[in-house]
Amino acid sequence: MSTPKYTDSELTIKSLHYRKQVLQYIKKANAGHTGGSLSCLDILNVLYNDVLNVNPHTIKHPDRDRYIQSKGHSVEALYVVLAGAGFYPESELEKMGQYKSHFIGHPTKKIPGVEQNTGGLGHGLPIACGTALSAKKDGKHYKVFTLLGDGEMAEGSNWEAAMFAAHQKLDNLVAIIDRNTLQITGRTKDVVNSDNLGDKFTAFGWAFTEMDGHNISDIRNKLSQIPLEPTKPSLVIANTVKGKGVSFMEDERKWHHKVPSDEELTLAISEIDNALATIIV
Amino acid sequence: MTTKTTISGIANQQIFANTLVELARNDKDVYAVTSDSRGSGKLEAFGEEMPEQIVEVGIAEQNLVGVAAGLASTGKKVYAVSPSCFLSARAIEQIKNDICYSDNPATMVGISAGVSYGALGSTHHSIHDLAVLRAINNISIVVPADNYETDMVVNATYGAMHPHFIRLGKRPLYDLPRLDNTFEIGKASVIKNGTDLVIFANGETVCFAYEAALELAKEGIDVAIISMHTIKPLDEKAILKWCNKCAAVMTVEEHSLHGGLGEATATLLMKNSIYKPFKLLAIPDEYTITGNQLEILGHYDISKEGIYKHAKTILH
Ligand SMILES: Cc1ncc(C[n+]2csc(CCOP(=O)(O)OP(=O)(O)O)c2C)c(N)n1
Ligand SMILES: [Mg+2]
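Residues numbered from 1 in each chain as written. Chains lettered and ligands numbered in written order. Predicted model: local features only at pLDDT ≥ 70, side-chain atom pairs only at ≥ 80, totals over all residues. Heavy atoms only, no water.

A. Spatial organisation of the nonpolar core. The biggest cluster of nonpolar side chains holds 56 residues, and the ones touching the most others in it are L47, Y48 and I176 of chain A. When residues of this core are traced back to their parent elements, those giving at least two are α1 (8–29), α2 (34–51), α3 (75–84), β2 (144–149), β3 (173–179), α8 (216–223), β5 (234–239) and α9 (262–277) of chain A. Per element, the largest residue contribution to this core is nine residues, and it comes from α2 of chain A. Aside from chain neighbours lying at most four places away, what touches L47 of chain A is L52, Y67, F145, I176 and L223 of chain A. In terms of nonpolar packing, the next biggest core, distinct from the first, is built from 45 residues, L64, I139, I141 and L261 of chain B among them. (Core = buried A, V, L, I, M, F, W, Y, C linked by side-chain atoms within 4.5 Å. Buried < 20%, exposed > 50% of the residue type's maximum accessible area, 1.4 Å probe, protein only. Helix = DSSP H or I, 4+ residues; strand = E, 2+ residues; numbered from the N terminus. Contact = heavy atoms within 4.5 Å.)

B. Expanded view of the interface of chain A and chain B. Between chain A and chain B, the contact holds 28 residues from the first and 23 residues from the second. Of the roughly 2,100 Å² buried between chain A and chain B on both sides combined, carbon and sulfur atoms contribute 52%. Among the residues chain A hides against chain B, the three largest losses belong to Y99, E155 and T185 of chain A. Together they make up 26% of the total. The tally of links from chain A across to chain B stands at 14 residue pairs in polar contact (both at pLDDT 80 or more). (Buried area = accessible area lost by both parts, 1.4 Å probe. Polar contact = N/O pair within 3.5 Å; in protein donor to acceptor, adjacent residues only side chain to side chain.)

C. Broad picture of α3 of chain A. All names here are of chain A. The buried count for α3 comes to nine of 10 residues, which makes it a mostly enclosed element. Among the residues of α3, those classed as buried are V75, E76, A77, L78, Y79, V80, V81, L82 and A83. One or two steps after α3, the chain reaches G86, where phi turns positive at roughly 90°.

D. Structural context of the coordination of the magnesium ion (ligand 2). All names here are of chain A. The protein atoms donating to the magnesium ion (ligand 2) are D150 (OD), N180 (OD1) and L182 (O), with metal-donor distances spanning 2.1 Å. Written as a sequence motif, the donor residues of the magnesium ion (ligand 2) are D-x29-N-x1-L. Pair noted here: D150 is in the loop between β2 and α5 (156–167) and N180 is in the loop between β3 and α6 (188–191), with a separation of 30 residues, a long-range link. Of the two residues, D150 and N180, neither departs from the other in class, the shared state being buried. (Donors = N, O, S within 2.8 Å, 3.2 Å for Na, K, Ca; no water.)

E. Highlighting the packing of α1 of chain A against α8 of chain A. All names here are of chain A. For the pair α1 and α8, interaxial distance at closest approach is 9 Å and the crossing angle is 110°. As judged from the angle between their axes, α1 and α8 are roughly perpendicular. In this structure, α1 contributes D8, L11, T12 and S15 to the contact, and α8 contributes I216, S217 and R220. Of the residues that constitute the contact of α1 with α8, the class distribution is two nonpolar, three polar and two charged. (Axes fitted to C-alpha atoms, helices over the stretch in contact; angles between N-to-C directions. Parallel < 35°, antiparallel > 145°, perpendicular 65-115°, else oblique. Nonpolar A, V, L, I, M, F, W, Y, C, P; charged D, E, K, R; others polar.)

F. Structural detail: the packing of aromatic side chains. Residue and element names in this part refer to chain A. Throughout the structure, instances matching the rule amount to nine aromatic pairs over all chains. Cluster of aromatic residues (ring-pair linked, three or more members): W159, F201, F204 and W206. Directly above the aromatic system of Y142 lies the positively charged group of R66, at a separation of 4.1 Å from the ring centroid. Here the basic side chain of K258 rests over the ring of W255, its NZ or CZ set 4.7 Å away from the ring centre. (Phe/Tyr/Trp six-rings, centres within 6.5 Å; stacked < 30°, edge-to-face > 60°. Lys NZ or Arg CZ within 6 Å of the ring centre and 35° of its normal.)

G. Region of the structure containing the confidence of the model for chain B. Residue and element names in this part refer to chain B. A residue-level look at chain B finds 97% of positions with pLDDT of 70 or above and a mean pLDDT of 96. Every residue in residues 1–7 is under pLDDT 50, and counting partners more than four places away or in other chains gives 17 contacts. Reported confidence for the predicted complex is 0.94 by ipTM and 0.96 by pTM. (pLDDT = per-residue confidence, 0-100.)

H. Representation of the environment of G84 of chain A within the structure. Along the chain, the position of G84 of chain A falls in helix α3. Along the chain, G84 of chain A and T3 of chain A lie 81 residues apart, while their C-alpha atoms are 20 Å from each other.

I. The arrangement of empty space enclosed by the protein in detail. Taken as a whole and assessed by the stated rule, the structure comprises four cavities of 30 Å³ or more. A volume near 80 Å³ is recorded for the largest cavity. Surrounding the largest cavity, N12, A113, V143, P144, R167, L168, G169, N202, G203, E204 and E254 of chain B form its lining. Counting contributing residues, the lining of the largest cavity receives three or more from each of domain 1 (9–173) and domain 2 (176–314) of chain B. Forming the walls of the second largest cavity are I104 of chain A together with G118, A119, G121, S122, H125, Y287, T288, I289, T290 and G291 of chain B. Residues of the lining of the second largest cavity, tallied by class, amount to four nonpolar, seven polar and no charged. Viewed by domain, the lining of the second largest cavity spans two of them, domain 1 (9–173) and domain 2 (176–314) of chain B, each represented by three or more residues. (1 Å grid on protein atoms, 1.4 Å probe; cavity = no way out; pocket = protein on both sides within 12 Å on 5 of 7 lines; lining within 4 Å. Points joined across faces, edges and corners; volume = space filled by probe spheres on them. Domains from an automatic or database assignment.)

J. A look at the pairing of strand β5 (residues 107–111) of chain B. All names here are of chain B. Within β5, five of the five residues are buried, which leaves the element mostly enclosed by the surrounding structure. Residues of β5 alternate between two faces, with T107, V109 and I111 on one and M108 and G110 on the opposite face, all of them buried. Pairing of strand β4 (residues 77–83) with β5, which is carried by five bridges, proceeds in the parallel orientation. Residue A80 lies in a different strand from β5, and its bridge partner there is M108. Where β5 and strand β7 (residues 164–167) come together, four bridges link them in parallel fashion. Residue pairing for β7: M108 is matched across the bridge by F165. (Pairing = 2+ DSSP bridges.)

This is the structure:
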């Protein structure tokens with residue numbers, strides 16, 4: 001294996017900076033999906049800064065790896081990480097959500113690096129299946145990653161795709177589930193229980209592993225072992241905390257799409273700054 | 001007639017929820033079915049007070065409509081509540097077959113409709129919903145203009161024998177004045193009399209038309225405002241009557257220009273050989289501009305100012 005571009009602690013520092021940006025741009029736009037962006041941010045950081053074979057110069061290259069964000073509402077995490085990875089200047093995020101801006105509140109292909117327009121839940125996995133199947137047809141070696149929410153797993157289209165992916169032996173396909181145990185109404189287990197997702201996917205013919213979705217080295221380690229098993233699509237359950245990184249946002253349902261007040265933003269930023277100060281590079 | 005030019009008041013979807021709570025309190029057969037949508041549907045109070053009468057399906061709109069059909073088939077008075085964008089797209093086959101074709105008398109409530117979701121973008125806009133639903137047999141489709149019409153339509157659908165779709169927005173609205181204080185599904189409501197121009201509008205755009213009419217009145221231009229809250233069945237008699245009475249015709253809607261109120265009106269006029277100056281204000285067939293709801297609507301002249309401008313043009 002080649003030496004990674006960034007060490008674990010360098011990526012940890014990036015995550016903390018991204019967290020601040022997510023909060024600042026949500027505040028600026030006065031809208032956004034705060035909790036879910038913070039829960040998937042470490043995963044996106046590792047994907048774009050380590051795992052995915054794509055960079056700002058290869059966004060149209062036919063052999064690039066693809067990332068399709070099925071839980072499109074967590075777009076702020078995606079926009080910030082893409083900016084950090086050099087796909088466009090970070091200053092463009094100032095316009096997020098504003099009149100005539102291309103940076104709308106869900107992923108859009110008008111933004112360099114965004115592969116698909118998403119936002120309606122339950123679309124990413126089927127599109128990822130088609131994209132992965134195409135690689136098989138063409139003898140290409142790219143991988144296709146998609147990120148889903150755990151509440152999103154109630155959508156039937158995911159299970160149609162799960163069956164298809166195993167049938168087609170799409171071992172170049174990776175579904176990551178952001179398992180933060182919350183959705184808008186409350187705990188996923190109280191809305192429609194989505195426990196034992198690993199068993200369910202295994203029964204459908206997938207290979208399965210779990211990771212700590214906030215531990216950089218664990219994420220890096222698990223996502224670089226794809227396919228988990230030959231001839232099978234891979235399911236990676238990321239155990240995460242919604243609102244991760246800000247004490248009063250963590251695991252709180254109300255932060256799904258709440259915008260921080262001035263005081264809350266100041267407090268959140270200072271918590272993240274404190275965390276930054278403790279990192280030893 | 002008093003005029004209120006500032007928007008203050010209550011969102012139609014809040015009125016819907018309040019009225020549904022009242023109905024459900026007195027009738028344990030009233031059910032709300034939600035798809036992780038009780039927050040945006042303002043149904044949290046309903047759920048707390050009557051947990052046995054709310055059915056949560058999770059983020060699964062197809063299942064939402066199928067379950068609603070089954071509940072309705074056994075005599076439950078069902079309101080299936082989900083953002084209109086998902087309800088009228090993801091679950092359209094369930095609406096077509098399980099509700100309409102099988103004639104299971106559920107009421108579907110499409111919330112945060114049109115471009116209510118603003119900068120969340122096209123995945124969350126429902127400017128196709130009326131077009132799609134109009135092409136389905138056996139469904140009445142109502143787009144209330146204000147709190148009054150919302151309250152009335154929830155009551156009117158209570159115990160209905162056939163399927164209904166109610167389309168609601170989330171912007172706080174005020175109650176419009178009206179000349180006839182009755183409400184009936186399928187009967188247009190006259191908001192203001194006039195002879196120079198008639199504007200047919202529905203949903204949240206009626207207040208823009210009304211406000212523009214007040215401006216135009218100051219210049220001696222007499223504009224009739226009709227709330228076409230029911231887009232199906234369309235009150236053809238009222239449309240023909242007002243078009244015969246007025247010199248020019250305008251339609252306004254928070255919907256694609258394809259398949260909505262404007263096209264329905266134009267078709268009716270052509271079929272009846274009524275040829276008058278005609279302006280259709282709707283959202284064009286393009287990648288919708290980013291902005292909040294009012295910015296998007298204003299961009300396409302679906303605003304007091306836009307209607308005023310086009311009224312002047314059409315009358316000259
Ligand atoms: C088809 C569809 N239905 C409903 C929604 C509205 N919605 C956006 S986010 C969300 C909750 C998502 O919960 P989860 O999948 O657990 O995501 P996370 O917790 O990571 O934010 C809902 C219901 C949607 N975007 N698409
Ligand atoms: Mg979740």
